[in-house]
Amino acid sequence: MLPSIHIFRNPHPGIAILLVFFTSLGTGIINFFRGVHLFDEDIDFWIAPICIGLASWLINVILVYRSRYLLSNYLLGWYWWCLLIALTDDPLTWKEGVLSVGISIWMAILFELGDERKKSLRTRSNLGFTAALLGLVQPLLLTLLIPSIISLAVGLKVIARDCLQVIIAWLMPIISYIAFLMLPFISLNPFIFNIQPNVSFRWPLFGEYIVLIWAFFALSQTLRALTNAKKPKRRGLLISWLGIGYAILLSFFSPNSSEYIPILAVFFGPHLVNLQNYIYPKKLQYWLTPSFLLAALVEIII
């Protein structure tokens, strides 16, 4: 374990205020230079920093205390924000914050699947139900059912009944939504769920190269944890990789959307927290935050 050198490794509750302040201020500054100007009529300039700042704190609270292996500090929220600004060259909006909070709730339920103190049936039902609700908000996320089922086998014994419970819980909101649309006095238009392969090509952003570099270190630490770490940490890191793979697939099958970015930020965040503690050579820990800030700066300049 490395000595505490990062301000957000301090577990003092007052650090949460600093986390919200710095991520809100940083979002406002980045959005200004990315084209959302102070005196524009678009209220997103003011709403986005507040939502992103609060989301950094909420994600930290939701995941740290349910992972059973992440230390009680504020590194996760900070690294989520660093990833978010590095993975896109567009201004951040409140949508990234809200989607990230939703995905973190889903991920927290995945953590609870391995908690013997929780009732398994209730947890699996919550997993399917939450995946369906996220899909109703963003139709592309209806595909969360697939990683939800796969996650049952990550470090756990799974039987067909467990998968069926998740599927039934996932179907309930979908069926309720369809029945609601069929009412004669409802005039809402149902969403159109259309997935098409991404045949276009673009060179990765500078920030995506940075994430790829740290991913190699994260993979080596995961392999080490699989032999030395306790079960909650082993399972938590594998769940993160499952989410990372899901986010990458979304980037291929949804060419005109950026939903995969906050999803990738949520799932890769725990790996950066783990690297902050266990990376070797140890001096590389000093480059974690600067590398993402540099990526955001480069994307502003070019």
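Higher on the page you've got the structure.
Everything quoted here is computed from the prediction, not taken from an experiment. (Residues numbered from 1 in each chain as written. Predicted model: local features only at pLDDT ≥ 70, side-chain atom pairs only at ≥ 80, totals over all residues. Heavy atoms only, no water.)

Asks: What is the right way to read the packing of aromatic side chains from this model?
Replies: Two aromatic rings, taken as a pair, are described by how far apart their centres are and by the angle between their planes. Within the structure shown, the criterion is met by 7 aromatic pairs. Judged by centre distance (5.4 Å) and plane angle (70 degrees), the ring pair of Phe21 and Phe22 falls under edge-to-face. For the ring pair Trp78 and Trp81, a centre distance of 5.3 Å and an interplane angle of 35 degrees mean the geometry is tilted. A residue pair is termed a helical-turn pair when its members lie 3 or 4 positions apart in one helix, as Trp78 and Trp81 do in helix 3 (residues 75–86) at 3 residues. Neither Trp78 nor Trp81 differs from the other in exposure class; each is buried. One aromatic cluster is present, built from ring pairs that chain together Phe8, Trp78 and Trp81. (Phe/Tyr/Trp six-rings, centres within 6.5 Å; stacked < 30°, edge-to-face > 60°. Helix = DSSP H or I, 4+ residues; strand = E, 2+ residues; numbered from the N terminus. Buried < 20%, exposed > 50% of the residue type's maximum accessible area, 1.4 Å probe, protein only.)

Asks: Any chance you could explain helix 2 (residues 44–67) here in plain terms?
Replies: Taking 1.5 Å per residue, 24 residues should reach 34 Å; helix 2 reaches 33 Å between its end C-alpha atoms and fits that length. Just beyond helix 2, the residue with positive phi is Arg68, at close to 70 degrees. (Expected span 1.5 Å × (residues − 1).)

Asks: Please clarify how the environment of Ala247 should be interpreted in this entry.
Replies: Secondary-structure assignment places Ala247 in helix 9 (residues 231–253). Classification of Ala247 as buried rests on a relative accessible area of 0%. For the pair Ala247 and Leu264, spaced 17 residues apart in sequence, the C-alpha to C-alpha distance is 5.5 Å. With residues near it in sequence (within four places) discarded, Ala247 still touches Tyr260, Ile263 and Leu264. (Contact = heavy atoms within 4.5 Å.)

Asks: What is the right way to look at the packing of helix 2 against helix 4 (residues 94–112) in this model?
Replies: Relative orientation and spacing of two packed helices are given, respectively, by the angle between their axes and the distance between those axes. It is at 8 Å that the axes of helix 2 and helix 4 come closest, and there the two elements cross at 10 degrees. Between helix 2 and helix 4, the angle is such that the two are roughly parallel. Between helix 2 and helix 4, the residues in contact are Asp44, Ile47, Ala48, Cys51, Ile52, Ala55, Leu58, Ile59, Ile62, Leu63, Arg66 and Ser67 and Trp94, Glu96, Gly97, Ser100, Val101, Ser104, Ile105, Met107, Ala108, Phe111 and Glu112, respectively. Taken together, the residues of the contact of helix 2 with helix 4 sort by class into 15 nonpolar, 4 polar and 4 charged. (Axes fitted to C-alpha atoms, helices over the stretch in contact; angles between N-to-C directions. Parallel < 35°, antiparallel > 145°, perpendicular 65-115°, else oblique. Nonpolar A, V, L, I, M, F, W, Y, C, P; charged D, E, K, R; others polar.)

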